[in-house]
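Observations on chain architecture
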Amino acid sequence: MVEIEIDGKAVEVQQGSMVMDAAKKLGTHIPHFCYHKKLSIAANCRMCLVEVEKAPKPLPACATPVTPGMKVHTHSEKAVQAQKSVMEFLLINHPLDCPICDQGGECQLQDLAVGYGKTTSRYSEEKRVVFHKNVGPLISMEEMSRCIHCTRCVRFGQEIAGVMELGMLNRGEHSEITSFVGKSVDSELSGNMIDLCPVGALTSKPFRYSARTWELGRKRSVSPHDSLGSNVVLQTKANQVLRTVPLENEAINECWISDKDRFAYEGLNGADRLKKPMVKQDNRWIETDWEAALDYASRSLNSIKADHGSDAIAALAHPMASVEELHLLKKVLSGLGSQNIETRLRQQDVSGAAKAPWLGMKIAEVGQLQRAFFIGSFLRKDQPLLAARVRAATKRGLKVTRLGASSEDWLMPVAASAQVAPSNWPAELAGVAAAVAQAKGINAPSNANVSASAKAIADSLLSGERKAVFLGAAAMAHPQFAQLHAYAQFIAANTDATLGFLPEGGNSVGAHVVQAISSAGVEGILAKDLKAVVLLGLEPSADLANPQAAKATLAKAGTVIAMTAFDSPELREVADVLLPVTPYSETSGSYINAEGTLQSVQAAVRPLGDARPAWKVLRVLGNLLNLDNFYFNSSEEVLGEAVPTDFAAKLSNTTTVAPAVTSLFTPAVERLADVAIHSSDAIVRRAPALQLTQDAKRAIKLGVPSSLFMQLGLKEGDAVKVSQSGLSVTMPATEEKALADGVVRLSAATSVSAQLGSMFGLLTVERV
């Protein structure tokens, strides 16, 4: 530790710290633009100049290391004069357009100009002009004359997002921030550049000119779009969410959020929001009131129970539904005598499933790992902020290995990658287990061939400390998930690694805690002779593993009750009752994220139209069905009944299945189905800006490996006919060199995949 003095106050800081760190520890504010605690030091704005005794000239606080006995003056005449001079230079070319600038009211330059700027300028020359640039649907760079060249956006791309999408051209006052020629900014974390920009150069394109910052109300919330549960602030005006920004929580999302979390709010304000209950009569939809709609639903459920038994009733819920909603849905089903409730919508194999699969550690601990093995994970798109932590950890020595069907770029070094068709994942994982067993001198769980990649993965896990094995969303959706889980458990146990899961949905762990799952799984439930199905927050063609099979089952059911925030042609086709329930922004609720942290939020805006919180709808439905103990006055009361105080101790990743190779490589074209990042739930799918991104455009194309691309004689964008289980669709093809031979990527949860079958299996691809 080193002791220095700042403005007469003594402070001790770690050796190697900068003066800025010492000032922050004391609570002393030093003006700055380019400095950011999460980014490397650039020291190019010079706004943080301070006076250091015995130094011949002011020094930048962000880049000056502390030395024993150092005396610093942050507000001396010399320091303030230096800061004012810097401000004068920054304002020489800055346009005077604060009244129309989106950054007005939350602009660092504006704030500091009040304290350090002059009332008039000594420069009468023409100000420079920088032409605007189009870098995609999310970030506006239409006013780049405002840029002060702090390079925060450039450093964020290189150091956090992992890809340099912006850079600086030219020198001096001719410098300008730009993207590469003809390229847009496509990182899944790109929106954080908007927050980082200290002026109005980078602004939010969807939010542009919507409101002034001082007009906005603010409510803390949690993003339910992925399993991390990122903390956010919903900014509202006129009962609408107009902007989502990160709320700093170092333990979960640090100070970042993904673009999905940031821009999905547009879906909340869509034109297809369901505002009134609707009932289908004589094949026509009629608007009605809540009393009539719930009476119809309760009478239908009672009638079906009486005529066909409890097992003919089922409920499917999206894993982004809150703890309270899932608990009451489970309670309604249990009251009717049915156990057919499921939230693992894409999981086909539930044999020997863990009681409550979770990350296996705190999110922050992922950044401290030395070895990490990812199985069937699209980490970069499924959990962008977790990928950022892993990316940062690789710079500190973390060795990443993975098993999948694609060697897609995670924007980080990957020490070893096993790239095989999905049907061969269990056999390849068995090879990793065999290599581990051989090195440890123990019996392997099965006789398996050990490939070079499997040996490299095993060697990596057998070295180092603080290790983890993670099963991703694609592994959990795999038809032989139980075997993948069993082998992963064996590998983790014999390499002293932690076994973890990377689940879908903001509340998938919470769904297990309240037991909103069944022993049959979604496939088993849909195989039953169902007469009544309750859907909570899901769209069958996008959220289930086999869309066409699910729609066929729902078509045969006598009554389908859809509790949804959105009206859609698909729900009108399969449902008999549409009940308008509120999305997460319009109700109180709780979510348990991947690390097992319970987070509760309040409504940011009032319900739209006649929409009601789903937990209130289920409470009334329970009363109409004459079920016991449905008298709750608040969501807090529901939570108290739903979640025991010791729930975290019950989280478990253990499987009871014994590992045994049952798969063989099939020499045919197999489907690899990722859930496209901007198709994960109904709200995200309705966000216009997100659907214009390159990720969304890529999701509706068929990814074809280079060998098959050449074999079919395709060119980029050529139409191909894809057939699966007697169903076919025509779609454009794109070459993906990262795919394993014999595997094509056809994303789930899109309008194209809705016309086909299971997420896994054989396909035929023909040139049209």
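Not measured: the values here are computed from a predicted model.

So, the overall build of the chain
- Within the chain, the secondary structure is distributed over 25 helices and 33 strands.
- Scaling as 2.2 N^0.38, a compact globule of 768 residues should have a C-alpha radius of gyration of about 27 Å, and the chain matches this with 28 Å.
- Principal-axis analysis of the C-alpha atoms places the extent of the chain at approximately 90 × 65 × 55 Å.
- Burial statistics for the chain: of 768 residues in total, 61% are counted as buried.
- Nonlocal contacts in the chain, meaning residues at least 24 apart in sequence, comprise 71% of its contacts between residues at least 6 apart.
- Accessible surface computed for the chain: about 29,900 Å², of which carbon and sulfur atoms make up 51%.

Structural notes on helix 9 (residues 323-335)
- Given a rise of 1.5 Å per residue, 13 residues ought to cover 18 Å, and the 18 Å separating the end C-alpha atoms of helix 9 matches this to within 8%.
- Of all 13 residues that make up helix 9, 11 are buried, and the element is covered over most of its length.
- Within helix 9, burial applies to V323, E324, E325, L326, H327, L328, L329, K330, K331, V332 and L333.
- Backbone geometry just downstream of helix 9 places G337 in the positive-phi region, at approximately 90°.

What about the UniProt feature "domain: 4Fe-4S His(Cys)3-ligated-type" (unreviewed entry) in the chain?
- UniProt's entry tags residues 78-117 with the feature "domain: 4Fe-4S His(Cys)3-ligated-type" (unreviewed entry), counted in the numbering of this structure.
- The straight-line gap between the two end C-alpha atoms of residues 78-117 is 16 Å; of that span, 60% is helix and 0% is strand.

Considering the pairing of strand 24 (residues 559-564)
- Counting buried residues along strand 24, six of its six residues qualify, which places the element largely inside the surrounding structure.
- Neither face of strand 24 is left uncovered, since the one carrying T559, I561 and M563 and the one carrying V560, A562 and T564 both have all their residues buried.
- Two elements, strand 23 (residues 532-536) and strand 24, share five bridges in a ladder whose sense is parallel. From the neighbouring strand, L535 faces strand 24, where its bridge partner is A562.
- Inspection of the sheet shows strand 24 paired to strand 25 (residues 577-580) by four bridges, in the parallel sense. Opposite M563, over in strand 25, you have L579 as the bridge partner.
- Each parallel crossover has a hand, and for strand 24 linked through helix 21 (residues 569-574) to strand 25 it is right-handed.

A short note on unusual backbone geometry
- Positive phi is not limited to glycine here, since N239 has a value of about 60°.
- Mapping N239 onto the fold places it in the loop between strand 12 (231-237) and strand 13 (240-246).
- Of the residues examined, N239 reaches a relative accessible area of 23% and is grouped as partly exposed.
- A positive phi angle, close to 55°, is found at N629, a residue other than glycine.
- Tracing the sequence through the fold places N629 in the loop between helix 22 (614-624) and helix 23 (635-642).

Some thoughts on the UniProt feature "domain: 4Fe-4S Mo/W bis-MGD-type" (unreviewed entry) in the chain
- The feature "domain: 4Fe-4S Mo/W bis-MGD-type" (unreviewed entry), as annotated in UniProt, sits at residues 216-272 in this numbering.
- Between the end C-alpha atoms of residues 216-272 there is a gap of 24 Å, over a span that is 16% helix and 35% strand.

Overview of the domain arrangement of the chain
- On domain assignment, one finds that the chain holds domain 1 (217-269), domain 2 (278-350 + 508-644), domain 3 (363-502) and domain 4 (670-767).
- On a C-alpha basis, the centres of domain 2 and domain 3 stand 35 Å from each other.
- Summing both sides of the interface, domain 2 and domain 3 together bury roughly 600 Å²; the carbon and sulfur share of this comes to 47%.
- Looking at the side of domain 2 facing domain 3, the largest losses of area belong to Q347, Q348 and D349, adding up to 65% of the total buried there.

A word on the packing of aromatic side chains
- Across all of its chains, the model carries five aromatic pairs by this definition.
- Measuring from ring centre to ring centre gives 5.6 Å for F374 and W410, while their planes differ by 85°; the resulting arrangement is edge-to-face. You can see F374 sitting in strand 18 (residues 371-375) and its partner W410 sitting in the loop between strand 19 (399-404) and strand 20 (416-419), a full 36 residues away along the chain. No difference in accessibility class separates F374 from W410, as the two residues are buried.
- Members of the aromatic cluster, connected to one another through ring pairs, are F374, W410 and F470.
- The ring of W410 has R402 lying over it, and the distance from NZ or CZ to the ring centre is 4.6 Å.

Observations regarding the environment of V560
- With respect to the element layout, V560 can be found in strand 24.
- Taking the C-alpha atoms as reference, V560 lies 9.9 Å from L301; in sequence the two are 259 residues apart.
- Apart from the residues within four sequence positions on either side, V560 is in contact with V533, L535, L554, V574, A575, D576 and V577.

Considerations on the sheet that holds strand 5 (residues 71-73)
- Read across the sheet, five strands follow the order 2-1-5-3-4 without closing on themselves; strand pairing throughout is mixed. Looking at strand neighbours, the two that pair on one side only are strand 2 (9-13) and strand 4 (59-60), the edges of this open sheet.
- Across two bridges, the pairing between strand 3 (residues 49-52) and strand 4 is antiparallel. Bridge pairing links L49 to P60 in strand 4.
- Across the sheet, helix 1 (residues 19-26) touches strand 1 (2-6), strand 2 and strand 5, and the angle it forms with strand 2 is around 115°.
- Seen against the sheet, helix 2 (residues 77-92) touches strand 3 and strand 5 and runs at an angle of roughly 155° to strand 3.

Description of the packing of helix 13 (residues 425-440) against helix 14 (residues 452-462)
- With their axes 8 Å apart at the nearest point, helix 13 and helix 14 run at an angle of 50° to one another. Taken together, the axes of helix 13 and helix 14 lie oblique to each other. Our pair here, helix 13 against helix 14, has a crossing hand that is right-handed. Seen from helix 13, the contacting residues are E428, G431, V432, A435, V436, A439 and K440; seen from helix 14, they are S453, A454, K455, I457, A458 and L462.

Considering the pattern of salt bridges
- For the coordinates displayed, the defined rule picks out 36 salt bridges.
- D295 is paired through a salt bridge with R299; the nearest N and O atoms lie 3.0 Å apart. Here the residue D295 and the residue R299 both occupy positions in helix 8 (residues 290-308), the gap between them amounting to four residues, near one helical turn.
- Of the residues examined, D295 reaches a relative accessible area of 33% and is grouped as partly exposed.
- Through salt bridges with shared partners, a single ionic network connects D272, R346, E504, E539, D543, R685 and R686.

Procedures and definitions
Residues numbered from 1 in each chain as written. Predicted model: local features only at pLDDT ≥ 70, side-chain atom pairs only at ≥ 80, totals over all residues. Heavy atoms only, no water. Helix = DSSP H or I, 4+ residues; strand = E, 2+ residues; numbered from the N terminus. Rg over C-alpha atoms; globule rule 2.2 N^0.38 Å. Buried < 20%, exposed > 50% of the residue type's maximum accessible area, 1.4 Å probe, protein only. Contact = heavy atoms within 4.5 Å. Areas by Shrake-Rupley, 256 points an atom, 1.4 Å probe, with all protein chains shown as cover. Expected span 1.5 Å × (residues − 1). UniProt positions renumbered as here; feature names shortened; annotations may be inferred. Pairing = 2+ DSSP bridges. Right-handed = clockwise from strand over helix to strand, strands pointing away. Domains from an automatic or database assignment. Buried area = accessible area lost by both parts, 1.4 Å probe. Phe/Tyr/Trp six-rings, centres within 6.5 Å; stacked < 30°, edge-to-face > 60°. Lys NZ or Arg CZ within 6 Å of the ring centre and 35° of its normal. Axes fitted to C-alpha atoms, helices over the stretch in contact; angles between N-to-C directions. Parallel < 35°, antiparallel > 145°, perpendicular 65-115°, else oblique. Left-handed = near helix turned anticlockwise from the far one by under 90°. Salt bridge = Lys/Arg side-chain N within 4 Å of Asp/Glu carboxyl O.

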